[in-house]
There are 2 protein chains.
Amino acid sequence: MANKAYLNCQTRLLAQEGWRKRLKETGFFDRLPVETIAVDDALGRVTAQSIYARQSAPHYNSAAMDGIAVRASDSFGAQESAPVRLQLNAVSAVFAPGCCYVVDTGDVMPPGTNAVIMVEDVHFDGTQAEINAAAAPWQHVRIIGEDIVANELVVPEHQTISPVDIAALLAAGLETISVLAKPRVAVIPTGDEIVATYRELKPGAILDVNSHMLAAAVRDWHGEATRYPIVRDDPAALEKAVGEALAANDIVVVNAGTSAGTEDFTATVLGRLGEVLTHGVAIKPGKPVVLAICQGKPVIGLPGYPVSAMLTAELFLRDILLERQKLPVLDPWQVDATVVRQVPSAVGVEEYVRVSVGNVQGKLVAAPLNRGAGMISSLTRAQGILSIPEGGSGLNAGSVAPVRLLRQSRPEQNLLAVGSHDLALELLGIHLRRRRGNLSLSCANVGSMGGILAIRNNEAHLAGIHLLDPATGRYNVADVEKYLPNVAWRMIHLAMRQQGLLVASGNPRQIQGLDCLTRSDITFINRQRGSGTRMLLDYQLARLKIDARRINGYEKEVGTHMTVAASIAAGTVDAGMGVQAAAQALGLDFLPVAAEQYDLLMNFAPHDDRMALIIQVLQSAEFRQEVEALGGYDLSNAGKLIAVGSAGTVMF
Amino acid sequence: MANKAYLNCQTRLLAQEGWRKRLKETGFFDRLPVETIAVDDALGRVTAQSIYARQSAPHYNSAAMDGIAVRASDSFGAQESAPVRLQLNAVSAVFAPGCCYVVDTGDVMPPGTNAVIMVEDVHFDGTQAEINAAAAPWQHVRIIGEDIVANELVVPEHQTISPVDIAALLAAGLETISVLAKPRVAVIPTGDEIVATYRELKPGAILDVNSHMLAAAVRDWHGEATRYPIVRDDPAALEKAVGEALAANDIVVVNAGTSAGTEDFTATVLGRLGEVLTHGVAIKPGKPVVLAICQGKPVIGLPGYPVSAMLTAELFLRDILLERQKLPVLDPWQVDATVVRQVPSAVGVEEYVRVSVGNVQGKLVAAPLNRGAGMISSLTRAQGILSIPEGGSGLNAGSVAPVRLLRQSRPEQNLLAVGSHDLALELLGIHLRRRRGNLSLSCANVGSMGGILAIRNNEAHLAGIHLLDPATGRYNVADVEKYLPNVAWRMIHLAMRQQGLLVASGNPRQIQGLDCLTRSDITFINRQRGSGTRMLLDYQLARLKIDARRINGYEKEVGTHMTVAASIAAGTVDAGMGVQAAAQALGLDFLPVAAEQYDLLMNFAPHDDRMALIIQVLQSAEFRQEVEALGGYDLSNAGKLIAVGSAGTVMF
């Protein structure tokens, strides 16, 4: 439990440069095993050496047109007024002057002929062919080797084979070629708490997802990955496992045991087996990295949190894997984006923040996702990774910073939904993509008020909101008009939805309503400040004159209905406020408190047809059915225009 | 042989739109077979439907730090001056007030606790733990479902699975998922002249390379390809083969028999089996295309020339294949480039020209490659495809036109060598890439004079030249100074090389020298006008007073030494002028005529370090050895500076 020091903590750049330099010195990028494979299997493989043609293509002189093959000199003098007649012959080994032969495209040029006259220019008359113009020597003839000559270079060394390369290789008479073998990468999961399948999971155990993720990443980077059995936290066992992996692989990845704790043996073991270049990198997440060379091969210790493991694999494994295969190490696809929230960061640490990225009214914006290193969902939902350099202390809201885009992200086609969390929004995203394949929708759950502010700052395309105005009993319009007085917005209705208390199935604690929450035997879980659900709770508590400070767990805030439901389903708390759909999803009981109006605040440029597409989805029968099936929703009026912002009336 | 008409010839755009529309109507993009596979095998596959979590992650409340787990209320009031002491207990099912428990990161929160105090903030004293500050409820606790909640969306429908998706799916308790089955595509080669292996090749036979290339392209586009046996030119056989392929596949490709000739049955047969939407598309190359729907499935007839087959597959197969798999149909990566030569084109036909692309002194230039539809090498060497719209009559030299870049091309890193052909240039390209992995070198063989003009027009980075000045007997400098009076160039020596007559092995025709070329029993093959080799020949003929018009085959011009050698090796001509290396490559006899100086004219911006890299290669022992081994080369002075252009003295 006590902290030991990292052996040799470095900045990311120093660590990467030192790593590459030492690997180069060991010959890692040069000693490349090769294998011989069929050309047919070579798509995407990399040639081990330059490949030269075994035969020429075409391999004979051929007619390039349908027509007659002639000796050009026999046609000289032919003209409209004085046609030349040639004798049509069957092809034989010996050429007779004044003869010609019928040929189709691709036919061998008969001996003695050196030109083709197109069929359109020939008048056939029994056994004779009449022509009205002279043929130039070699006209309409494809000569041998025109495309590829024997012994000529077909594909240079270290080129990735494409479909047309396959055609060229086969045309050049090659059926097998020598290619670089794919680097073999061992992935060794370690840890006493790690189990292999979800069926072995019990509290305190952690499912091994990292070795699967890292093996898939290795395959994505064109390597060959082998997952090894889980190794317990025991230096001798780890040393044995790494030794075995080294014998059969080109690279070994150990995950994890890389921190500086008492039960973290990776750095020590790798130091015993070879040389540790780096232990600890000044990045967040991902500090616990070990870079070592054992038996002349790279051995990488990666941190245990999934997000850290993936980010550090991209920093320290990907490029060396590609470079060893002579595959292009592509420059990252980077854009500058405006950060929508303040992102604090520690001086001296380079920080990576997963972000949603979208183009809102012509401005590229980046919305930070959950920064927890254990949050796999923040990686699956991210469009990009924002880097905060180690020199500063973070980024202010509104500052512009470089974002590395993730492979499949298309920020120009990504819609940003920032605001209140609702299960219907994810279905909206799915339905939008059904109608327009390249569209995506990212949801940031920052509550209704956060959504209004995001629209005001042009940081979101849409915001789900449900804000009750206590004075009028009406929803949303009052707050939007107050905070967006001069903005062109439209408000579209999505659904009426049931809010209430979520309690365990069968209601074992016999909770009857909000007044029960102050009972000393009841624990509660709350939603974050600024969320519509929190405001509804506080409104109802005030109405019922219930003192919030007397509710056990009122301080514990989470960001979504589903997280509230999960804690209740697990029995760690007794009640929480949320939508009926979340109760239904996890089989909880539901005590209705209020039906509320959930609307979408829209922020699109006038020429942007995506708002119409959203309204189409909202009004469709399939969407309505799917959302209502979640429980507690009424979409009778979905897609209806509720209100238009002041400037909006001129914009739309 | 007689021309029949195309059934329904259309513009490319009309053909594509009609094709997609009819396929949509048939449900081709909707009736999608699915299969269940292990999550571990799902990398790159596309989800068939939205996937929801089976379990929450984390699946229990856990310590997020090493330290002690406490009930937060037990710590209230603790401060420096009044520390609170808690009893260290072993974890049990029942919580005793005032107790605490040692926990490591990831450990289950003991019953009754709701906060973790970091180990750094705890003073351990025997069986007691002393703390100096109160803990906020739920501090340093990861709660159940924080990342993923059971029944929550993990991966939406029709998403391509990435390594982090695999992690998320496994964490959510999924071990198998339902994905879209890869479309099965049959590729049927047809034609009486087609043979399956190069061992069956004889004059008139054509090797089936297309079915391999098209199958690889299908795999590249994530489909599953099956190559079928070659079908003879017989309608009944073709009908049977297509029928069988339809039964086992989602898409059938027939290659070829798609033209309008008497032996082209594809359109007729497909019309019998279903509906032909298009026969003939107004593009070049690639006019003979058949688009049909048979038994509700797309059947595509592609033209026979490899270049035509590949281009039309990209136009009519790729996108429907991707769209059916719900994979993004990426916009082509397009740039505007200056065309270096006039490219004539017929009105009413959209033409595609393969080009080399490079950035010369800040200007992106496109150099057209050989336009023959049979030239596979023009596809393997191309960086891009230039489109000439059907409305005009071609492009003038210097005009700017859109070029679709091919997948792996990096025009910014491509060097353009335009000028005289020499075998050493390809080796130069290979050696450059050994030193700088992302560099490539494209060679356009337009002769020495063409090279000088390309340098003058900033259309090439380097030009190989060998031009004898008859007045001085010196090479290159006179012509370059004459044509590039105010240009910043440098001339670097590459090699002295032997030029001479290439004749068949053993010299069966007993050719003694240039004067034998006028013998009536000798046929000759020439190099193109403007090439140094042609100039050398003409210079020598004039010196010897030999009348070129008396040489059989003087009119037949080809573009490279190797093509000359190939015709002699095949016995279709008796002699040609070329370098000794070409004779050696094909085992020909060589009669020396002259040793000549081959230099590289260089055109680089002052800050461009690639010229220094080229000189490094030229001066390296490995390069010298490899080039001299080709035969007839002397690289003693390779890499030496020969001359500097007038403006050059200030530039470098």
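Residues numbered from 1 in each chain as written. Chains lettered and ligands numbered in written order. Predicted model: local features only at pLDDT ≥ 70, side-chain atom pairs only at ≥ 80, totals over all residues. Heavy atoms only, no water.

What follows is about the overall build of chain A. Helices and strands together make up the secondary structure of chain A, namely 18 helices and 38 strands. Computed over C-alpha atoms, the radius of gyration of chain A comes to 35 Å, more than 25% over the 26 Å expected from 2.2 N^0.38 for 652 residues, which places it beyond the range of a compact globule. Structurally, chain A occupies a C-alpha span of about 115 × 70 × 45 Å along its principal axes. Burial status across chain A gives 58% buried among its 652 residues. Across chain A, the fraction of contacts at a sequence separation of at least 24, relative to all contacts at a separation of at least 6, is 76%. Carbon and sulfur atoms make up 51% of the accessible area of chain A, which amounts to about 25,000 Å² in all. (Helix = DSSP H or I, 4+ residues; strand = E, 2+ residues; numbered from the N terminus. Rg over C-alpha atoms; globule rule 2.2 N^0.38 Å. Buried < 20%, exposed > 50% of the residue type's maximum accessible area, 1.4 Å probe, protein only. Contact = heavy atoms within 4.5 Å. Areas by Shrake-Rupley, 256 points an atom, 1.4 Å probe, with all protein chains shown as cover.)

Two residues of an α-helix separated by three or four positions point the same way, owing to the 3.6 residues in each turn. Counting buried residues in helix α7 (residues 306-316) of chain B gives 11 out of 11 residues, a clear majority hidden from the surface. What α7(B) keeps buried is the set Pro306(B), Val307(B), Ser308(B), Ala309(B), Met310(B), Leu311(B), Thr312(B), Ala313(B), Glu314(B), Leu315(B) and Phe316(B).

Moving on: the sheet that holds strand β6 (residues 99-103) of chain A. All names here are of chain A. Strands sit in the order β7-β4-β6-β5-β9-β8 across an open sheet of 6 strands; the sheet is mixed. The open sheet has two edge strands with one neighbour each: β7 (115-118) and β8 (122-125). Taking the axes of each pair of neighbouring strands and ignoring which way they run, one obtains an average angle of 40° across the sheet. (Pairing = 2+ DSSP bridges. Axes fitted to C-alpha atoms, helices over the stretch in contact; angles between N-to-C directions.)

Mapping chain A onto chain B leaves a residual RMSD of 0.2 Å; the transformation is a rotation of 180° accompanied by 0.0 Å of translation along its axis. Classification of the inter-copy transformation places it as that of a two-fold axis. When the interface residues of chain A are mapped onto chain B, 99% of them are again interface residues, pointing to one common binding face. (Least-squares fit on C-alpha atoms with pLDDT ≥ 70 in both.)

Here we come to unusual backbone geometry. Between Ala57(A) and the following residue, Pro58(A), the backbone shows a cis peptide bond with an omega angle of -5°. Inspection of the secondary structure assignment puts Pro58(A) in the loop between β2 (51-52) and β3 (62-63). Across the junction of Lys284(A) and Pro285(A), the peptide omega takes the value -5°, indicating a cis bond. Counting through the fold element by element, Pro285(A) comes out in the loop between β19 (283-284) and β20 (290-294). Located in the positive-phi region is Asn476(A), a residue other than glycine, with phi close to 75°. Relative to the elements of secondary structure, Asn476(A) occurs in the loop between β31 (462-465) and α12 (477-483). Looking at Asn476(A), the relative accessible area reads 1%, which means it is buried. With a phi close to 70°, Trp138(B) is a non-glycine residue in the positive phi region.

All names here are of chain B. Pairing in this open sheet of 6 strands is mixed, and the strands run β7-β4-β6-β5-β9-β8 from one edge to the other. Strand pairing shows two members of the sheet lacking a second neighbour, β7 (115-118) and β8 (122-125), which therefore form its edges. With direction set aside, neighbouring strand axes in the sheet form an average angle of 40°. Alignment of strand β4 (residues 67-70) against strand β6 (residues 99-103), held across 4 bridges, turns out to be antiparallel. Each bridged residue has a counterpart across the sheet, and for Ala69 the counterpart in β6 is Tyr101.

Taken together, the contact pairs 105 residues of chain A with 104 residues of chain B. Carbon and sulfur atoms make up 61% of the surface buried where chain A meets chain B, a total of about 8,500 Å² over both sides. On the surface where chain A and chain B come into contact, there are 6 salt bridges. Between Glu157(B) and Arg434(A) there is a salt bridge, with the nearest N and O atoms lying 2.4 Å from each other. For the pair chain A and chain B, the number of links is 24 residue pairs in polar contact (both at pLDDT 80 or more). (Buried area = accessible area lost by both parts, 1.4 Å probe. Salt bridge = Lys/Arg side-chain N within 4 Å of Asp/Glu carboxyl O. Polar contact = N/O pair within 3.5 Å; in protein donor to acceptor, adjacent residues only side chain to side chain.)

Let's shift gears to the packing of aromatic side chains. The relative placement of two aromatic rings is captured by the distance of their centres and the angle of their planes. All chains considered together, the criterion is met by 4 aromatic pairs over all chains. With a centroid separation of 6.4 Å and 50° between ring planes, the pair formed by Phe95(A) and Tyr101(A) is classed as tilted. For the pair shown, Phe95(A) and Tyr101(A) are each scored as buried. The positively charged end of Arg324(B) is found above the aromatic ring belonging to Phe28(B), 4.7 Å away from the centroid. (Phe/Tyr/Trp six-rings, centres within 6.5 Å; stacked < 30°, edge-to-face > 60°. Lys NZ or Arg CZ within 6 Å of the ring centre and 35° of its normal.)

The next point concerns the packing of helix α5 (residues 235-248) of chain B against helix α6 (residues 266-273) of chain B. All names here are of chain B. Packing of α5 against α6 leaves a shortest axis separation of 10 Å and a crossing angle of 55°. Viewed along their axes, α5 and α6 adopt a mutual orientation that is oblique. With respect to the hand of their crossing, α5 and α6 are arranged in right-handed fashion. Where α5 abuts α6, its residues Pro235, Leu238, Glu239 and Val242 lie against Thr266, Val269, Leu270, Arg272 and Leu273. A breakdown of the residues in the contact of α5 with α6 according to their chemical character gives 6 nonpolar, 1 polar and 2 charged. (Parallel < 35°, antiparallel > 145°, perpendicular 65-115°, else oblique. Left-handed = near helix turned anticlockwise from the far one by under 90°. Nonpolar A, V, L, I, M, F, W, Y, C, P; charged D, E, K, R; others polar.)

Before going further, it helps to examine the confidence of the model for chain A. Mean pLDDT over chain A: 92, with 98% of residues reaching 70 or higher. Counted against residues more than four places away or in other chains, residues 648-652 of chain A, with its pLDDT under 50, gives 11 contacts. (pLDDT = per-residue confidence, 0-100.)

Let us now look at the pattern of salt bridges. What the rule picks out here adds up to 70 salt bridges over all chains. Note that Arg199(A) and Glu175(B) form a salt bridge whose closest N and O atoms lie 3.0 Å from each other. Of this pair, Arg199(A) sits in the loop between β14 (194-195) and β15 (206-207) while Glu175(B) is found in the loop between α3 (163-171) and β12 (176-180), placing the two residues in two different chains. We note a salt bridge from Arg534(B) to Glu557(B), for which the minimum N-O separation is 3.1 Å. Pair noted here: Arg534(B) is in helix α13 (residues 532-543) and Glu557(B) is in strand β34 (residues 557-558), with a separation of 23 residues, a long-range link.

Below, the discussion takes up the side chain of Arg497(A). Residues and elements named next belong to chain A. With respect to the helices, strands and loops of the structure, Arg497 is situated in strand β32 (residues 490-503). Within polar-contact distance, the side chain of Arg497 engages the side chain of Asp422 at 2.2 Å. Side chain to side chain, Arg497 and His466 meet in a polar contact 3.0 Å long.

Residue and element names in this part refer to chain A. In the contact formed by helix α10 (residues 423-435) and helix α16 (residues 610-619), the axes pass within 10 Å of each other and the chain directions differ by 115°. Relative to α16, the element α10 lies roughly perpendicular. Here the hand of the crossing between α10 and α16 comes out right-handed. Contact residues: Leu428, His431, Leu432 and Arg435 in α10; Leu613, Ile614, Gln616, Val617 and Leu618 in α16.

Attention now moves to the domain arrangement of chain A. Many structure descriptions define interface size as the accessible area lost when the parts assemble. Taken domain by domain, chain A holds domain 1 (2-31 + 183-324), domain 2 (34-57 + 146-180), domain 3 (62-142), domain 4 (334-409) and domain 5 (452-644). If you average the C-alpha positions of domain 1 of chain A and of domain 2 of chain A, the two centres end up 36 Å apart. (Domains from an automatic or database assignment.)

Turning next to α3(B). All names here are of chain B. Summarising burial for α3: 9 of the 9 residues are buried, a large majority. Turning to α3, its buried residues are Pro163, Val164, Asp165, Ile166, Ala167, Ala168, Leu169, Leu170 and Ala171. Positive backbone phi, at 85°, marks Gly173, one or two positions downstream of α3.

In this section: the pairing of β12(B). Residues and elements named next belong to chain B. With respect to burial, β12 is a largely interior element, 4 of its 5 residues being buried. Across 5 bridges, strand β1 (residues 34-38) lies against β12 in antiparallel orientation. Paired with Thr36 across the two strands is Ser178, which belongs to β12.

Another aspect to go through is the pairing of strand β31 (residues 462-465) of chain B. Residue and element names in this part refer to chain B. Here β31 shows two buried faces, one formed by Leu462 and Gly464 and the other by Ala463 and Ile465. Looking at chain direction, β31 and strand β36 (residues 589-602) are connected through 4 bridges and run antiparallel. What sits directly across from Ala463, in β36, is Leu601.

Attention now goes to a negative patch on the surface. On the surface, Asp107(A), Asp192(B), Glu193(B), Asp234(B) and Glu263(B) cluster together into a patch of negative charge. Relative to the helices and strands, Asp192(B) is located in the loop between β13 (184-189) and β14 (194-195). Under the relative-accessibility criterion, Asp192(B) is labelled partly exposed at 43%. (Patch = residues over 30% accessible without salt bridge, like charges linked within 9 Å, V, L, I, M, F, W, Y side chains within 5 Å. Lys, Arg positive; Asp, Glu negative; His and termini not counted. Charge placed at Lys NZ, Arg CZ, Asp CG, Glu CD.)

By secondary structure assignment, the location of Asp608(B) is in the loop between β36 and α16 (610-619). Only 2.8 Å separates the side chain of Asp608(B) from the side chain of Arg610(B), close enough to count as a polar contact.

Moving on to the state of the cysteines. Within this structure, the stated rule accounts for 0 disulfides over all chains. You can see Cys99(A) has no disulfide; the closest cysteine sulfur is in Cys100(A), sitting 7.2 Å from it. (Disulfide = S-S within 2.5 Å.)

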